[in-house]
Each structure stands twice: as C-alpha cells, then as structure tokens.
Amino acid sequence: MNIPSSITTLLLGIGLTLVSLWYGQNHGLMPVAASEGATHIDSLFNAMMTISTGLFIIVQGVIVYCAIKFRRKPGELGDGAAIEGNVPLEILWTAIPAAIVLWISIYSFEIYNEMGGFDPSADGMHAMHGMPAGKGSAMAATMDMGDVPKGSPRISALGVGASPANQGKAAAVNVNVLGLQYAWIFTYPEINITSGELHVPVGKEVQLNMNAQDVIHAVWIPQLRLKQDVIPGTETQLRFTTNKVGTYPLRCAELCGGYHGSMVTQMIVHTPEEYDTWIASQQQSAQAQAEIVKQTIAMNPANLSPAKYLAPYANEMGVKPEMVEHLHHQGMEMGGSIASVIK
Amino acid sequence: MTAELLIPNQTSEDDVVIHHRTWKDYFTFSTDHKVIGIQYFVTGFIFYIIGGLLAEGIRTELATPDADLVDPSTYNSMFTMHGTIMIFLWIVPAGTGAFANYLLPLMIGARDMAFPKLNAVAFWIIPPTGLLLILSFFLGPAQAGWTSYPPLSLLTGKVGEGIWIVTLLLLGTSSILGGINFFTTILKMRIPSMSMMQMPLFCWAMLATSMLMLIATPVLAGALILLSFDLIAGTAFFNPVGGGEPVVYQHMFWFYSHPAVYIMVLPFFGVISEVIPVHCRKPIFGYAAIAYSSMVISFLGLIVWAHHMFTSGTPPWLRMFFMITTMVIAVPTGIKIFGWLATMWGGKINLNTPMLFAMGFISTFVIGGITGVMLAAVPFDIHVHDTYFVVAHLHYVLFGGSVFGIYTGIYHWFPKVTGRHIDETWGKIHFVLTYVGFNVTFLPMHVLGLQGMPRRIAMYAPEFQGLNQVCTYGSYVLAISTVPFLVNAIYCAYKGKPAGSNPWNALTLDWQTTSPPEIENFEVLPVLKTGPYDYGDSEEEEKELTAV
Ligand code: HEM
Ligand SMILES: [Cu+2]
Ligand SMILES: [Cu+2]
C-alpha cells in the first residue's frame, strides 16, 4: 500500500507544478505592455504568479484536506497524535521560503537595474530646466519672494532613470511635466510646445522631468508599468522607451484632492512621421503656445482665479466645463491657502 | 498522556453560572481587566459598525463610474474616516485592548494587569476620542486619507485635519499605555511555576506586539505634532511652500504605521495558535519556532517601512534594502502558517465555528501574505502602488487576517466570557456569509489594480464598472453577515446553553477557572503541571510513526 500513496504524491506534485507554470504564464491579468521595461516587469510578475499559484494551492489544499480527512466523526473520542514538532521539517519550511524570497529579490534587483533604477546620472543636476526652478511653481510664479534664486540646483530625486545601455546619454525627447490640481501640463522645452497630453515617438527614449505645483501627485502609465510621485519642491524623473504605437491612459495615482479620480489624460505613442506631423501642427499655433507658456510662468495662482488659470488647458484636455466649475471652487481654497502661507 | 493541571481547592460546580457583574459595571472606571476587555470590545464593535457603514457608502458610490452618490470630497472624507476608524478604533482596540486585556492575566495566572488604573485610563481615552472623530464629520472632516500626507492634508480644511491629528495623538497615547501594561504584565506577573517557554503562544504574540507599540507609536506622535505645527502655526516642517520636506513626513508616518500592521495582526497570530491545538486535539507544531517567529516579525517589522514609499523618490539602494527586509518577513510568517497546518494535520478536528474561522483566517491571510511578497518586489510595486491591488492586499491582511482572527477568538472564548455556548448553526451561517462575502468583495480588486484603477478615487474609467459592481454586491453580503452574528451573540450571552467552566477541555490557565471567571480570576493561585498544549494520544503517535 505504500507505493500507491507515494505515486499519488508524485502525480499531485507534477500536476501542481504544471498548473502553476501554466497559470503563471496565462493569467492575462496585466494590460498591454508598451515598452520593453514593461515586458521585463511582466516576466517578474509571471514568475511570482507561478510560485504563488503553487503555494496557494498547497495551503488551500491542505486546509480542505484536513477538514475532510481529519474531521472528528460524531461520537469519536480521543485526541490526535501527540506530535510536538519535527526539526528537519521545520528547517525545510524555513529554508525553502528563504530561498524563494532571496531568488525573487535577486531577480527584482536585475529587472530594476534593467529598467534604469540605478542610473547614477539621474540626480537632477543634469535635468533640462524648461521650467523655473524652485520650491514648486506656485512659488516660482512669485519669484519676488526672492529666497530661491533662479537656476540654483534644485533638490532632485530619482524615479526611474536610463537603462544601462543608455546611461550617460541624454534622452532623445525631454518633456517637463507639471502636475497641479487636477491636470497635467507637458512642456517640450527643445521645441517650445505645451500640451495637455503626452505625445512621444515610438522607439525613442523619453525623459520626463516632473514637478508639482500644489500637492503630491503621481504619474502612472499602466501600459508602461511605470509610476512616480510628482512632489512639490523636488524634481523627480522617469525615463522610458516605448515600443508600441497607441493611445494609453496617463493617470494621477496619488491622492491629491476631490477630483483626483478625474486627473487623467493620455499618452499618445506616435510613429516617427506622425510625431513630426504633430510637432509641426503644434508649432503652427506657436503664437497661442507662447501665450500659454507666458501665463504658466508669469502667473501667480494666488492672484488668478483657478478657473481662469485652467481655462486655456481645459479645452485642449477635453475637461468638461462642469469640472472647471468644481475646480474653481476647490481651487479658490487652494489658492487662498497658498497665498496665506506665502504671507 | 492526558493533561493534568493542579488547581488546589477548585470547586467543580460545572453548570453554575456566577454573575458577578451587572451591566452598570461596564460604565464605570473599573480596574478589572475583564471588565476593561469587554469595554474595549463593545466600544470597538460599535465603531466597526460605523466604519462598515462608511465602507458600504464607499462601495455604493463605486457601483457606477461617475461620482453620483456623494460629492467627491465627501467621498474622500468617507474613506479617510473608514480607514482611521477601522484601524485605530476597531482592530487595535479589539486586538490589543479586548483580547490582551481579557486573556493575558488569566493565561499567566495573575489576578489582574500590572497597572490596573493605567489600564482603565487607556480604555477611557477611547470613547470620547472616537466621538470627537465622529463629531468632526459635522465640522468638515479630514479628507487626506488615513495616511494624511502633506501638503494635501494641510490644504483640506484646518478643523477636520486638526481633530484628526488630536484624535490620533490621543489614541496613540492610549496604545502606549496599553503597551506598557502588557509588556510588564507578561514579564513580571506570571505565576512562579510558568517559565517563558511555558507561556501560551498568545502571550508571546502580545510580548512582540507590545514592544512594537512602545517603540513605534512615539514616532507617529512626533510626526503628528510637527504636522499640527504646519497646519496651525504655518511652520514648514513638511510644507514645501516654505522649504519643508513632505517626504520626511512619509518616513515618520510609516515608521509607525508599518509596525502598526503587525500590531493589528500579531495578536491574532496568537489567537490562532491558541484555538487550533484545542479544537484539533493536538500539541501546537513547533512551539519554539512559533514563539520566536513572533519576536523576529516584531524586529523585522521595524525596518521595512519604506516599502510604502517605493515611488516617493526614495534612493535606489534604499529601495533595495527595504525590498529585501520586507521579503525576509515572509519567512517567519511562513513558519507560523506551516506550523498551524501541521498542527491540523493528523488531528481530530472539531469543525465548529471557532475552528472554521481559524481555517478561514489561514486561507485568506495567506493570500494577503502572497500579495505582500509581490508588493515588496520594487519593479512590480512601481506598477501597483496606490492602486486597487493594494486595497485588495490590505483587506486580505486586515479583514482576512485581523477580523477573521477576532471572530475566531470571539467564538472560542464566548463560553469563557459569558459562561454560555453561542449557537453553532448561526455561527456557521455567519462564517459562510463572511467568507463568501469577503472574497467576492476583495478578490476582484486585485484585477482592477493590475488593469489600471488607482485607489482613493470617486470616479473611474467605465471599463472597470463590471468588476466594481461585483465588489459592491460582495460588500452587501458582508454587511448582512454581521446580523446573524450580532443577534446570536447578544441572545446567547443571556439565553445560551450553559457551558460549564471548560467546555473545550483546554489546558491553558484561562480555562481552569469558572466561566465567567470570578473577580480576581483564581481563588488560589494555580500551579502548572502540564504545558499549554499537551494534547494528544501517545498511542496515536506510535500509530502515526509506524505508518510513515
Ligand atoms: C465591511 C467591509 C469593508 C469594505 C467593503 C471595505 C471597503 C474599502 C474600500 C473600497 C476601500 C478603498 C477606498 C478607496 O481607496 O477609494 C477601503 C479602504 C480602506 N479600508 Fe476598508 N473595507 C472594509 C473593511 C475594512 C476593515 C475591517 C479594515 C480594517 C482595518 C479596513 C481598512 C481599510 C483601510 C486602512 C483603507 C485605506 C483608507 C485610505 O485609503 O485612507 N477596511 N475599504
Ligand atoms: Cu491625484
Ligand atoms: Cu508596510
């Protein structure tokens, strides 16, 4: 009778492995991957899903098995076996999880490096300064405060930098990102374009230099598996190279107020030709752009009503008029409190 | 070997229920740890209902993509209040307040806690503070989430945020006072015959918990005091307008709040370690490993906090450090889970309600543990941080862990506290509704997060509506599931079948006195003759060994 039971165990083990391997690859839980980095992260996730599926089935299986096999039958008396432990077994179930988490750590470390997490140059000193430096642009807009001189090295923190192959090189496309309640503003300093949506050419390395005007926001592009907080007073960065043409959501992922949920725009990944066309069309309206840029820099949000402030972008971003109304309301408080703090 | 326990002069009246207490005692500044334990539990449960109703409001809002039920900023205050109430006014008071207070002295053979007056003070801080927090609802409540990150928290209304800060400072004080009491009681009040290694595992769990309460809570107080200066006096510790560093607040906040998740779950690791051996009639598997793993978790729990900040501009090497420490916590946690499973294996399992909840605890907590390891992996966390994946994870540990742990303990010790049995059929109905409702509510949230739904949003993209509706229906089942529990518990506390003093034939000292225990717990101090988990038949053991 011993052989059949060990065969059952063996078969169960094989079955478990197969199911875990299959589910780890075919869970279909992630959205489209639009960059190589995203594919890397997915393979890490798949590996973790494989292990998790196995562990999940073992634990739930043991619980259900115990509930059926070791259930006290009506009228049954007596205790279970007086087993107080088993040192080799305990060592085993300490060592195996330890090995697994160590392996996941090393794997994550590698992927993180591949993504550009360790890029030493992304310390902020090299960033393109399309936007005024300083403790958040709310203050940048009122430079007469004077205690933060223009061009002084800003505090900077790393988000995700260049992948090892691209380290030390400047990104092909630089975009300055400003997060404010409840919108995103993208400025392309090299070509003098301001937009409410992020347009990037496929296959080119893009660097986002990000600042927040009021509170902490976070840029999240699920299809790139990238997220980075956008912090007032501290510049953060993201670098990535897309590999799939398409339109993807770009959402705020850090609670920033009542309309946090609607702080959503798009990232449009163009073919190189389309991208050039987009640039050309934007530059045609350069006049209008210059106007907006001037406003962005020269305006003190404490003096302007937020609705007025946002109006130029509202259209472009397809923000509903009711929302600007709400912004007006919310923003008045905001502007008011900034003003009071500045005083 | 059958367990023996010598309690001199123990009268063995089995069916007599002695009512020492009248309901009025529960409204006094009583220093009896058992009264205080019940005060904590009932207070906590009332707040649980309030927090639960808020959760139902949140889920109802999320049944549709638009913000159509409440104003979006009201939505924000709803989840802020929900999170704050659930953590600080339900799980912490129920786990460390109710269970630890009621059980610790009984388990170690003491007549009361080390500092009974302090104990009463710690409790009486809670009801007025809770009321204050509820009151803020009518004065413009806090809206910045239970994490209250500046600068947002400095901009959403001074009154609500101010009350929120005061509330947390007071509840933190209560928690520190409790921690001092538990720590001292466990170390100093044991009967002389009980060595550390003979303590019930719940005591080990509480030792680990109380250390966290003492080390971590003061740092939260520091963060909150500085935050209140920024809020009220216009200083700039954290406010970037003026040169402050908002990220420093996050470090201080999580230095407390990560340990806080262990403050919320370690006591229930203890509860599960008590309940499983009794109802499986087997010794706990690997006593020393389970005891020490609590201490290891408590230590590691102090050095993982920045895993909540992988996208906060944290330097790369710090991210890697906190990734590895977080991963390592899976090892002692695994030791416990495997130990419990091995205890069940080969037992004579009595599948009653406490045992079902204990099995439910393992079943759901392990999912939270798995997603926890995933979240520790920095590249993956960068994708899912601040999404519904995290909401799913945190409820699998806080609900699937802590709340299931609370119910396990309530059903297990109900006969001890009331002297009566709680009805099994209704208990099982409660279990099934809770287990099903819980999984239907929270399992789909993993998918939502992976697919792109951030947390803390009142309006979401229409493509997420289907799964959100599933979650919402699940949450209604969950709400309904509390009704059979409440009715059953209240009815049986007065009308249930008398249970006698030790209906489970358990060996720990809490079961070796009358039910409910007399005012000073033991007539004569008990003397230990067996360990806490000396269940099991040696004959069975031999059978088992020859079979292998
Ligand atoms: C009645 C069952 C419950 C339901 C349906 C529920 C539902 C929810 C939902 C949907 C959120 C996310 C809100 C958002 O991000 O917009 C949330 C947040 C949260 N819940 Fe629950 N919850 C329940 C019970 C609990 C329990 C027992 C705890 C225990 C501590 C808890 C702790 C939290 C915390 C800490 C948050 C985060 C709040 C924040 O983001 O500031 N919940 N809950
Ligand atoms: Cu936001
Ligand atoms: Cu944590």
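Residues numbered from 1 in each chain as written. Chains lettered and ligands numbered in written order. Predicted model: local features only at pLDDT ≥ 70, side-chain atom pairs only at ≥ 80, totals over all residues. Heavy atoms only, no water.

S.K.: Any chance you could explain the overall build of chain B here in plain terms?
M.R.: The helix and strand tally for chain B stands at 15 helices and 0 strands. Since a compact globule built from 548 residues should have a radius of gyration of about 24 Å, the 23 Å found for chain B is in line with a globular shape. Of all 548 residues assigned to chain B, the portion counted as buried reaches 67%. In chain B, of all internal contacts separated by at least 6 residues, the share reaching a separation of at least 24 is 84%. For chain B, the exposed area adds up to about 17,500 Å²; of that, 70% sits on carbon and sulfur atoms. (Helix = DSSP H or I, 4+ residues; strand = E, 2+ residues; numbered from the N terminus. Rg over C-alpha atoms; globule rule 2.2 N^0.38 Å. Buried < 20%, exposed > 50% of the residue type's maximum accessible area, 1.4 Å probe, protein only. Contact = heavy atoms within 4.5 Å. Areas by Shrake-Rupley, 256 points an atom, 1.4 Å probe, with all protein chains shown as cover.)

S.K.: How do you make sense of empty space enclosed by the protein when you look at a structure like this?
M.R.: Gaps left between atoms show up when a probe the size of a water molecule is rolled over them. Residues and elements named next belong to chain B. One pass over the structure, following the stated rule, counts 12 cavities of 30 Å³ or more. The space that makes up the second largest cavity amounts to roughly 150 Å³. When contributions to the lining of the second largest cavity are tallied by element, the ones reaching two or more residues are α2 (72-108), α5 (158-188) and α6 (201-233). Per-element tally for the lining of the second largest cavity: the top contributor is α5, with 7 residues. In the lining of the second largest cavity, the residues fall into 11 nonpolar, 6 polar and no charged. (1 Å grid on protein atoms, 1.4 Å probe; cavity = no way out; pocket = protein on both sides within 12 Å on 5 of 7 lines; lining within 4 Å. Points joined across faces, edges and corners; volume = space filled by probe spheres on them. Nonpolar A, V, L, I, M, F, W, Y, C, P; charged D, E, K, R; others polar.)

S.K.: Any chance you could explain the coordination of the copper ion (ligand 3) here in plain terms?
M.R.: Reference values for angles at a metal are 109.5 degrees in the four-donor tetrahedral case and 90 or 180 degrees in the six-donor octahedral case. Residue and element names in this part refer to chain B. Bound to the copper ion (ligand 3) on the protein side are His-258 (ND1), His-307 (NE2) and His-308 (NE2), at distances that span 1.5 to 2.0 Å. All donors of the copper ion (ligand 3) come from a single chain, and their spacing in sequence reads H-x48-H-H. Taken together, the residues His-258 in helix α7 (residues 246-280) and His-307 in the loop between α8 (287-301) and α9 (316-344) connect sequence positions 49 residues apart. The burial state of His-258 is the same as that of His-307; both residues are buried. (Donors = N, O, S within 2.8 Å, 3.2 Å for Na, K, Ca; no water.)

S.K.: It is not clear to me how the environment of Leu-170 of chain B should be interpreted in this structure. Could you clarify?
M.R.: Examined against the element boundaries, Leu-170 of chain B turns out to sit in helix α5. With relative accessibility at 34%, the residue Leu-170 of chain B sits in the partly exposed group.

S.K.: Help me out: how do you make sense of the site of ligand 1 in this one?
M.R.: All names here are of chain B. If you check the shell around ligand 1, you find 25 residues, and the closest are Tyr-75, His-82, Trp-146, His-395 and Arg-456. A distance of 2.9 Å is found between an oxygen atom of ligand 1 and a backbone nitrogen or oxygen belonging to Trp-146. At 2.8 Å, a side-chain N or O of His-395 approaches a nitrogen atom of ligand 1. Broken down by secondary-structure element, the contributors of at least two residues to the shell around ligand 1 are α1 (33-61), α2, α12 (388-418) and α14 (465-495). (Near = heavy atom within 4 Å. Polar contact = N/O pair within 3.5 Å; in protein donor to acceptor, adjacent residues only side chain to side chain.)

S.K.: What exactly am I supposed to notice about the packing of aromatic side chains here?
M.R.: Summed over all chains, the structure comprises 57 aromatic pairs over all chains. Relative to Trp-124 of chain B, the ring of Phe-123 of chain B has its centre 4.9 Å away and its plane inclined at 75°; by these criteria the two rings are edge-to-face. Classification of Trp-124 of chain B by relative accessible area gives partly exposed; the value is 29%. Aromatic side chains Phe-357 of chain B and Tyr-411 of chain B sit 5.5 Å apart centroid to centroid with 15° between the ring planes, which places their arrangement in the stacked category. With a gap of 54 residues between them, Phe-357 of chain B in helix α10 (residues 353-376) and Tyr-411 of chain B in helix α12 connect regions that are remote in the sequence. Across the pair, Tyr-411 of chain B and Phe-357 of chain B agree in class, each one buried. Sitting over the face of the ring of Trp-220 of chain A, Lys-227 of chain A holds its NZ or CZ atom 4.4 Å from the ring centroid. (Phe/Tyr/Trp six-rings, centres within 6.5 Å; stacked < 30°, edge-to-face > 60°. Lys NZ or Arg CZ within 6 Å of the ring centre and 35° of its normal.)

S.K.: Would you explain the pattern of salt bridges in this entry?
M.R.: Pairing is possible between side chains that carry opposite charge, provided their charged atoms lie close to one another. Overall, the coordinates contain 7 salt bridges over all chains when judged by the stated rule. The partner of Asp-79 of chain A in a salt bridge is Arg-281 of chain B, and the shortest N-O contact between them spans 3.2 Å. Of this pair, Asp-79 of chain A sits in the loop between α2 (36-69) and α3 (87-115) while Arg-281 of chain B is found in the loop between α7 and α8, placing the two residues in two different chains. Here Asp-79 of chain A and Arg-281 of chain B have matching classes, each one buried. A salt bridge links Arg-455 of chain B to Asp-386 of chain B; the shortest N-O distance between them is 3.8 Å. Taken together, the positions of Arg-455 of chain B in the loop between α13 (424-451) and α14 and Asp-386 of chain B in the loop between α11 (378-384) and α12 put the pair 69 residues apart, joining distant regions of the chain. Among the residues examined, Asp-386 of chain B registers a relative accessible area of 5% and is labelled buried. (Salt bridge = Lys/Arg side-chain N within 4 Å of Asp/Glu carboxyl O.)

S.K.: Looking at this model, I keep getting lost on the state of the cysteines. Mind explaining?
M.R.: Disulfide: a covalent bond formed between the sulfur atoms of two cysteine residues. Under the defined criterion, the tally for this structure stands at 0 disulfides over all chains. Unpaired in this structure, Cys-280 of chain B has its nearest cysteine sulfur neighbour in Cys-66 of chain A, at a distance of 7.5 Å. A residue is classified by how much of its surface remains accessible, and Cys-280 of chain B, at 0% relative accessible area, is buried. (Disulfide = S-S within 2.5 Å.)

S.K.: What am I meant to see in the side chain of Ser-294 of chain B here?
M.R.: Within the element layout of this structure, Ser-294 of chain B appears in helix α8. The residues touching Ser-294 of chain B, leaving out its near neighbours within four places in the chain, are Trp-204, Ala-205, Ala-208, Leu-266 and Lys-336 of chain B.

S.K.: Help me out: how do you make sense of the packing of α9 of chain B against α10 of chain B in this one?
M.R.: All names here are of chain B. One can describe the packing of α9 onto α10 by two numbers: an axis separation of 10 Å at closest approach and a directional angle of 160°. As summarised for this structure, α9 and α10 are arranged roughly antiparallel, according to the angle between their axes. Seen along the crossing, α9 lies across α10 with a hand that is left-handed. Contacts between α9 and α10 involve Met-323, Thr-326, Met-327, Ala-330, Thr-333, Ile-337, Trp-340, Leu-341 and Met-344 on the former and, on the latter, Met-355, Met-359, Phe-361, Ile-362, Phe-365, Val-366, Val-373 and Ala-376. Broken down by class, the residue content of the contact of α9 with α10 amounts to 15 nonpolar, 2 polar and no charged. (Axes fitted to C-alpha atoms, helices over the stretch in contact; angles between N-to-C directions. Parallel < 35°, antiparallel > 145°, perpendicular 65-115°, else oblique. Left-handed = near helix turned anticlockwise from the far one by under 90°.)

S.K.: Sorry if this is basic, but what is going on with the environment of His-279 of chain B here?
M.R.: Residue and element names in this part refer to chain B. Note on placement: His-279 falls in helix α7. On the basis of relative accessible area, His-279 is assigned to the buried category, the value being 2%. Taking C-alpha positions, His-279 is 7.7 Å from Lys-348, a pair spaced 69 residues apart along the chain. Sequence-distant contacts of His-279, defined by excluding residues within four places in its chain, comprise Lys-348, Ile-349, Asn-350, Asn-352, Pro-354, Met-355, His-412 and Trp-504. Of the polar contacts made by the side chain of His-279, one reaches the side chain of His-412; its length is 2.9 Å.

S.K.: Whenever I open this one, the packing of α12 of chain B against α13 of chain B confuses me. Can you help?
M.R.: When two helices pack together, their arrangement is captured by the angle between the axes and the distance separating the axes. Residues and elements named next belong to chain B. α13 packs onto α12 with a crossing angle of 165° between their chain directions and a minimal axis gap of 7 Å. It follows that α12 is roughly antiparallel to α13 by the angle criterion. Here α12 and α13 pass one another in a crossing that is left-handed. Classifying every residue of the contact of α12 with α13 gives 17 nonpolar, 9 polar and no charged.

S.K.: I would appreciate a short explanation of the layout of surface pockets in the present structure.
M.R.: All names here are of chain B. Volume-wise, the second largest pocket comes out at about 1,600 Å³. Lining the second largest pocket are 44 residues; nearest its centre among them are Tyr-26, Ile-38, Val-42, Val-417 and Tyr-494. Every element with two or more residues in the lining of the second largest pocket is listed here: α1, α2, α3 (116-135), α12 and α14. When residues in the lining of the second largest pocket are grouped by element, the largest group, 12 residues, is from α1. Of the residues in the lining of the second largest pocket, the class split is 32 nonpolar, 8 polar and 4 charged.

By themselves, these are just geometric observations and shouldn't be taken as functional.
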